[in-house]
Amino acid sequence: MTNANLPATLTRRADAETCADPSSVMTLLGESDAAPGGFTAYRSRFAPGTPGAPAHFHTKATELFFVLGGSLRVLVGDQVTTLHEGDFLAVPPHTPHAFAAAPGTEADVLFVFTPGLGRFDYLRLLGRVMRAEADPKEIADSAERFDNHYVDSPAWRAALETPA
């Protein structure tokens, strides 16, 4: 299969599924596991002071960030920086990263993964765990399936303890 053989993906705003957890509201925009060209795209809106995602990496996927509004604090490798509206970031496989709304601000972010690997199911699982509807062990058990591998990051821990 070539990219020319893949069907177009269109999700109308009214038809987009949303997943909410205590830290964000995610709008699931589109997903295709077809290779080549598979992707997952969603929009997350983070409230001020919410934790975002802890340090993790992907072995297969590149994760793309585009800040639609507000500011997002991010870890890339062992460096912490803040992205602002209009900023773009691409994090390649095997690179530890984390993110959260910058202190005192909201963040509205478009995320795209390529390949996608069925990440909508992962986002739904995260929401269930954060709402105490599922066992956190399910996240660890799904690491290979969703290519999401959590790591310890002293730089990220220090950033979260100190305002930007």
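Just above, that's the structure.
Residues numbered from 1 in each chain as written. Predicted model: local features only at pLDDT ≥ 70, side-chain atom pairs only at ≥ 80, totals over all residues. Heavy atoms only, no water.

Draft legend 1. A look at the overall build of the chain. Of the regular secondary structure elements, the chain holds 4 helices and 10 strands. The linear arrangement of helices and strands in the chain, starting from the amino end, is β-β-β-β-β-β-β-β-β-α-α-α-β-α. In summary, the chain has a C-alpha radius of gyration of 15 Å against a globular reference of 15 Å for 164 residues, a match within 12%. Along the longest, intermediate and shortest principal axes, the C-alpha atoms of the chain span 50 × 35 × 30 Å. The 164 residues of the chain split such that 41% are buried. Within the chain, contacts between residues at least 6 apart in sequence are counted, and of these 70% link residues at least 24 apart. Roughly 8,500 Å² of accessible area belongs to the chain as shown, and the carbon and sulfur atoms make up 57% of that amount. For the chain, the distance from the average position of its 13 positive side-chain charges to the average position of its 20 negative side-chain charges is 4 Å. (Helix = DSSP H or I, 4+ residues; strand = E, 2+ residues; numbered from the N terminus. Rg over C-alpha atoms; globule rule 2.2 N^0.38 Å. Buried < 20%, exposed > 50% of the residue type's maximum accessible area, 1.4 Å probe, protein only. Contact = heavy atoms within 4.5 Å. Areas by Shrake-Rupley, 256 points an atom, 1.4 Å probe, with all protein chains shown as cover. Lys, Arg positive; Asp, Glu negative; His and termini not counted. Charge placed at Lys NZ, Arg CZ, Asp CG, Glu CD.)

Draft legend 2. Quick look at the environment of proline 154. Topologically, proline 154 is positioned in helix α4 (residues 154–161). Along the chain, proline 154 and alanine 55 lie 99 residues apart, while their C-alpha atoms are 9.6 Å from each other.

Draft legend 3. Focus on the nonpolar core. Counting residues in each nonpolar core, the largest one holds 29 residues, and the members touching the most others are Tyr42, Phe46, Phe65, Leu72 and Phe99. Broken down by secondary-structure element, the contributors of at least two residues to this core are β2 (24–32), β3 (39–46), β5 (62–76), β7 (88–91), β8 (97–101), β9 (107–114) and α1 (119–130). Here this core takes 6 residues from α1, the largest share from any one element. If near-sequence neighbours (up to four positions away) are discounted, phenylalanine 46 is found in contact with Ser23, Ser24, Gly52, Leu72, Phe99, Ala101, Glu106, Ala107, Val109 and Phe111. Counting 6 residues, the second largest nonpolar core, distinct from the first, contains Ala55, Leu75, Ala100 and Trp156. (Core = buried A, V, L, I, M, F, W, Y, C linked by side-chain atoms within 4.5 Å.)

Draft legend 4. How the structure looks around the pairing of β3. Two strands pair when backbone bridges link them, and β2 and β3 are joined in this way by 8 bridges, in the antiparallel orientation. In the strand pairing of β3, methionine 26 is matched with serine 44. Examined bridge by bridge, β3 and β9 share 7 bridges and lie antiparallel to one another. Paired with phenylalanine 46 across the strands is alanine 107, a residue of β9. (Pairing = 2+ DSSP bridges.)

Draft legend 5. Expanded view of the packing of aromatic side chains. Counted under the stated rule, the structure contains 8 aromatic pairs. Between the aromatic rings of tyrosine 42 and phenylalanine 111, the centroid separation amounts to 5.1 Å while the plane-to-plane angle is 20°, which identifies the pairing as stacked. Here phenylalanine 111 lies in strand β9 and tyrosine 42 lies in strand β3, a separation of 69 residues in the sequence. Judged by its relative accessible area of 0%, phenylalanine 111 falls in the buried class. (Phe/Tyr/Trp six-rings, centres within 6.5 Å; stacked < 30°, edge-to-face > 60°.)

Draft legend 6. Looking closely at unusual backbone geometry. In this model, threonine 114 is joined to proline 115 through a cis peptide bond whose omega is -5°. Mapping proline 115 onto the fold places it in the loop between β9 and α1. Its identity as a non-glycine residue notwithstanding, leucine 117 has a phi of 60°, on the positive side. You can see leucine 117 is positioned in the loop between β9 and α1.

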